[in-house]
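Residue strings, one per chain:
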Amino acid sequence: MNALGMIECQNIPKGIEAADSMLKAANVQLLTAQAVCAGKYIALVSGDVAAVSAAVDAGAATCGGGLIDRLVIPSIHPQVLSAVVACSDAPLPKALGILESFSLCVAIKIADAAVKTADITLIEIRLGRGLGGKAFVVFTGDVSACEAAVRAAEQTEGAQGMLSQPVVIPAPNMELVKRSIY
(Lines give C-alpha, C1' and ligand atoms only; values in the text may rest on other atoms or scores of the structure.)
Protein backbone atom coordinates (compact mmCIF):
# COMPACT_ATOMS: atom_id res chain seq x y z
CA MET A 1 0.00 0.00 0.00
CA ASN A 2 1.05 3.57 -0.59
CA ALA A 3 1.79 6.07 2.09
CA LEU A 4 -0.04 9.38 2.17
CA GLY A 5 1.51 12.65 3.27
CA MET A 6 -0.01 16.08 3.79
CA ILE A 7 0.97 19.53 4.88
CA GLU A 8 -1.47 22.22 5.93
CA CYS A 9 0.01 25.73 5.75
CA GLN A 10 -1.57 28.90 7.12
CA ASN A 11 -0.90 30.99 4.01
CA ILE A 12 -1.11 30.40 0.30
CA PRO A 13 2.28 31.67 -0.97
CA LYS A 14 4.27 29.60 1.55
CA GLY A 15 1.94 26.67 0.90
CA ILE A 16 2.69 26.73 -2.82
CA GLU A 17 6.40 27.00 -2.10
CA ALA A 18 6.11 24.09 0.34
CA ALA A 19 4.29 21.93 -2.22
CA ASP A 20 7.08 22.64 -4.70
CA SER A 21 9.72 21.67 -2.14
CA MET A 22 7.82 18.44 -1.40
CA LEU A 23 7.91 17.43 -5.05
CA LYS A 24 11.59 18.33 -5.39
CA ALA A 25 12.59 16.48 -2.21
CA ALA A 26 11.40 12.99 -3.13
CA ASN A 27 9.82 10.81 -5.79
CA VAL A 28 6.16 11.24 -4.79
CA GLN A 29 2.91 11.65 -6.68
CA LEU A 30 1.02 14.89 -6.13
CA LEU A 31 -2.62 14.11 -5.35
CA THR A 32 -3.69 17.69 -4.80
CA ALA A 33 -2.22 21.06 -3.96
CA GLN A 34 -4.75 23.82 -3.46
CA ALA A 35 -5.92 26.82 -1.57
CA VAL A 36 -8.68 26.03 0.91
CA CYS A 37 -10.95 28.19 2.99
CA ALA A 38 -9.65 30.53 5.60
CA GLY A 39 -6.65 31.33 3.37
CA LYS A 40 -4.88 28.02 3.99
CA TYR A 41 -3.03 25.82 1.51
CA ILE A 42 -2.78 22.04 1.50
CA ALA A 43 -0.63 19.61 -0.42
CA LEU A 44 -1.19 15.84 -0.45
CA VAL A 45 1.30 13.36 -1.87
CA SER A 46 1.55 9.59 -2.07
CA GLY A 47 4.34 7.13 -2.66
CA ASP A 48 6.54 4.84 -0.63
CA VAL A 49 6.88 5.62 3.06
CA ALA A 50 10.44 6.96 2.95
CA ALA A 51 9.71 9.26 0.01
CA VAL A 52 6.48 10.57 1.53
CA SER A 53 8.20 11.19 4.87
CA ALA A 54 11.03 13.09 3.15
CA ALA A 55 8.55 15.14 1.13
CA VAL A 56 6.47 16.05 4.19
CA ASP A 57 9.62 16.99 6.12
CA ALA A 58 10.68 19.28 3.26
CA GLY A 59 7.22 20.85 3.00
CA ALA A 60 6.98 21.39 6.74
CA ALA A 61 10.43 23.00 6.81
CA THR A 62 9.44 25.34 3.99
CA CYS A 63 6.22 26.35 5.78
CA GLY A 64 8.25 27.09 8.90
CA GLY A 65 6.16 28.88 11.52
CA GLY A 66 3.21 28.88 9.11
CA LEU A 67 2.76 25.11 9.39
CA ILE A 68 -0.64 24.24 10.86
CA ASP A 69 -0.34 20.48 10.69
CA ARG A 70 1.41 17.65 8.91
CA LEU A 71 0.56 14.03 8.36
CA VAL A 72 2.19 10.79 7.20
CA ILE A 73 0.12 7.61 7.13
CA PRO A 74 2.35 4.68 6.13
CA SER A 75 -0.36 2.26 4.92
CA ILE A 76 -3.21 4.43 3.72
CA HIS A 77 -6.39 2.57 2.83
CA PRO A 78 -6.98 2.84 -0.96
CA GLN A 79 -10.51 4.18 -0.41
CA VAL A 80 -9.06 7.25 1.31
CA LEU A 81 -7.13 8.22 -1.82
CA SER A 82 -10.28 7.95 -3.96
CA ALA A 83 -12.47 9.81 -1.49
CA VAL A 84 -10.02 12.72 -1.16
CA VAL A 85 -10.31 13.41 -4.88
CA ALA A 86 -14.07 12.64 -4.85
CA CYS A 87 -13.74 9.72 -7.26
CA SER A 88 -15.46 7.06 -5.19
CA ASP A 89 -17.86 4.56 -6.69
CA ALA A 90 -20.19 4.45 -3.74
CA PRO A 91 -23.17 2.11 -3.55
CA LEU A 92 -26.59 3.42 -2.70
CA PRO A 93 -26.45 3.84 1.06
CA LYS A 94 -28.13 1.66 3.63
CA ALA A 95 -26.96 4.18 6.21
CA LEU A 96 -24.80 7.29 6.09
CA GLY A 97 -22.07 8.28 8.50
CA ILE A 98 -20.95 11.90 8.54
CA LEU A 99 -17.98 13.27 10.47
CA GLU A 100 -16.81 16.88 10.60
CA SER A 101 -13.35 18.00 11.71
CA PHE A 102 -11.82 21.35 12.53
CA SER A 103 -8.49 20.00 11.23
CA LEU A 104 -7.97 18.89 7.64
CA CYS A 105 -5.17 16.48 8.58
CA VAL A 106 -7.36 14.95 11.27
CA ALA A 107 -10.10 14.37 8.68
CA ILE A 108 -7.73 12.17 6.68
CA LYS A 109 -6.66 10.28 9.82
CA ILE A 110 -10.22 9.60 10.97
CA ALA A 111 -11.33 8.50 7.50
CA ASP A 112 -8.43 6.04 7.34
CA ALA A 113 -9.20 4.71 10.83
CA ALA A 114 -12.90 4.39 10.04
CA VAL A 115 -12.46 2.45 6.80
CA LYS A 116 -9.81 0.16 8.35
CA THR A 117 -12.11 -0.63 11.30
CA ALA A 118 -15.52 -1.20 9.75
CA ASP A 119 -17.07 -2.53 6.55
CA ILE A 120 -17.89 0.89 5.10
CA THR A 121 -17.39 2.63 1.78
CA LEU A 122 -15.98 6.13 1.83
CA ILE A 123 -17.95 8.48 -0.40
CA GLU A 124 -16.10 11.75 0.04
CA ILE A 125 -13.51 13.51 2.14
CA ARG A 126 -14.00 17.25 1.64
CA LEU A 127 -10.99 19.25 2.75
CA GLY A 128 -11.72 22.89 3.48
CA ARG A 129 -13.30 23.88 0.16
CA GLY A 130 -16.22 26.15 1.02
CA LEU A 131 -16.15 25.04 4.64
CA GLY A 132 -14.45 27.83 6.54
CA GLY A 133 -11.33 25.73 7.03
CA LYS A 134 -13.13 22.62 8.28
CA ALA A 135 -13.38 19.18 6.65
CA PHE A 136 -15.97 16.44 6.52
CA VAL A 137 -16.07 12.72 5.76
CA VAL A 138 -19.11 10.89 4.35
CA PHE A 139 -19.36 7.11 4.22
CA THR A 140 -21.93 4.37 3.84
CA GLY A 141 -22.50 0.84 5.08
CA ASP A 142 -25.01 -0.82 7.31
CA VAL A 143 -25.97 0.99 10.50
CA SER A 144 -23.74 -1.04 12.80
CA ALA A 145 -20.72 -0.61 10.51
CA CYS A 146 -21.30 3.15 10.32
CA GLU A 147 -21.57 3.33 14.11
CA ALA A 148 -18.34 1.32 14.50
CA ALA A 149 -16.60 3.62 12.04
CA VAL A 150 -17.72 6.69 14.02
CA ARG A 151 -16.41 5.16 17.26
CA ALA A 152 -13.07 4.37 15.61
CA ALA A 153 -12.82 7.92 14.26
CA GLU A 154 -13.56 9.41 17.68
CA GLN A 155 -10.80 7.30 19.24
CA THR A 156 -8.17 8.18 16.62
CA GLU A 157 -5.09 9.86 18.00
CA GLY A 158 -5.38 13.62 17.57
CA ALA A 159 -9.17 13.60 17.01
CA GLN A 160 -10.10 14.61 20.55
CA GLY A 161 -11.43 18.15 20.52
CA MET A 162 -11.27 18.31 16.71
CA LEU A 163 -14.59 16.67 15.82
CA SER A 164 -18.03 18.16 15.84
CA GLN A 165 -21.02 15.95 16.58
CA PRO A 166 -20.94 12.92 14.22
CA VAL A 167 -24.15 11.42 12.88
CA VAL A 168 -25.31 8.10 11.49
CA ILE A 169 -28.48 8.27 9.42
CA PRO A 170 -30.24 4.92 8.99
CA ALA A 171 -32.05 4.51 5.66
CA PRO A 172 -31.42 8.07 4.41
CA ASN A 173 -34.02 9.66 2.15
CA MET A 174 -32.86 9.03 -1.41
CA GLU A 175 -33.81 12.53 -2.59
CA LEU A 176 -31.32 13.97 -0.10
CA VAL A 177 -28.68 11.43 -1.09
CA LYS A 178 -29.01 12.13 -4.82
CA ARG A 179 -28.94 15.90 -4.44
CA SER A 180 -26.18 16.25 -1.89
CA ILE A 181 -23.81 13.32 -2.25
CA TYR A 182 -23.85 11.72 -5.69
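The present account deals with the structure reproduced in this document. What you see is a predicted model; the values in this text were computed from it and never measured.

Pairing analysis gives seven bridges linking strand E2 (residues 29-36) to strand E3 (residues 40-47), with the strands arranged antiparallel. Its bridge partner lying in E3, Ala35 is registered against Tyr41. Where E2 hands over to E3, the hairpin turn is made up of three residues, of which Ala38 adopts a positive phi near 70°.

Next up on the list: the nonpolar core. Counting residues in hydrophobic clusters, the biggest one holds 37 residues, and the most contacted among them are Ile108, Leu122, Ile125 and Leu127. In terms of residues, this core owes the most to one element, helix H4 (residues 104-117), which gives nine residues. Beyond its immediate chain neighbours, meaning those up to four positions away, Leu127 contacts Met6, Val36, Ile42, Leu44, Val84, Leu104, Ala107, Ile108, Lys134 and Ala135. In terms of nonpolar packing, the next biggest core, distinct from the first, is built from 16 residues, Ala19, Ala55, Val56 and Cys63 among them.

Attention shifts here to the side chain of Glu124. Examined against the element boundaries, Glu124 turns out to sit in strand E6 (residues 121-127). By relative accessible area, which is 12% here, Glu124 ends up buried.

Further remarks concern the sheet that holds strand E5 (residues 95-101). Reading across from one edge, E6-E7-E5-E8 is the order of the four strands in this open sheet, with antiparallel pairing throughout. Taken across any chain shown, the strands that pair with only one partner, and hence form the sheet edges, are E6 and strand E8 (167-170). This sheet shows a mean twist of 15° between the axes of neighbouring strands, independent of strand direction. One ladder, built from seven bridges, connects E5 with strand E7 (residues 135-141); its direction is antiparallel. Within the sheet, the bridge partner assigned to Ile98 lies in E7 and is Val138.

Read across the sheet, four strands follow the order E2-E3-E1-E4 without closing on themselves; strand pairing throughout is antiparallel. The sheet terminates laterally at E2 and strand E4 (67-73), the two strands that pair on one side only. Along the sheet, successive strands turn relative to each other by an average axial angle of 10°, direction set aside. Each of strand E1 (3-9), E2 and E3 touches helix H1 (residues 12-25); the most contacted strand, E3, lies at about 10° to it. Along the sheet, H4 makes contact with E1, E2, E3 and E4, crossing E4 at roughly 25°.

Parameters at a glance
- Residues numbered from 1 in each chain as written.
- Predicted model: local features only at pLDDT ≥ 70, side-chain atom pairs only at ≥ 80, totals over all residues.
- Heavy atoms only, no water.
- Pairing = 2+ DSSP bridges.
- Helix = DSSP H or I, 4+ residues; strand = E, 2+ residues; numbered from the N terminus.
- Core = buried A, V, L, I, M, F, W, Y, C linked by side-chain atoms within 4.5 Å.
- Buried < 20%, exposed > 50% of the residue type's maximum accessible area, 1.4 Å probe, protein only.
- Contact = heavy atoms within 4.5 Å.
- Axes fitted to C-alpha atoms, helices over the stretch in contact; angles between N-to-C directions.

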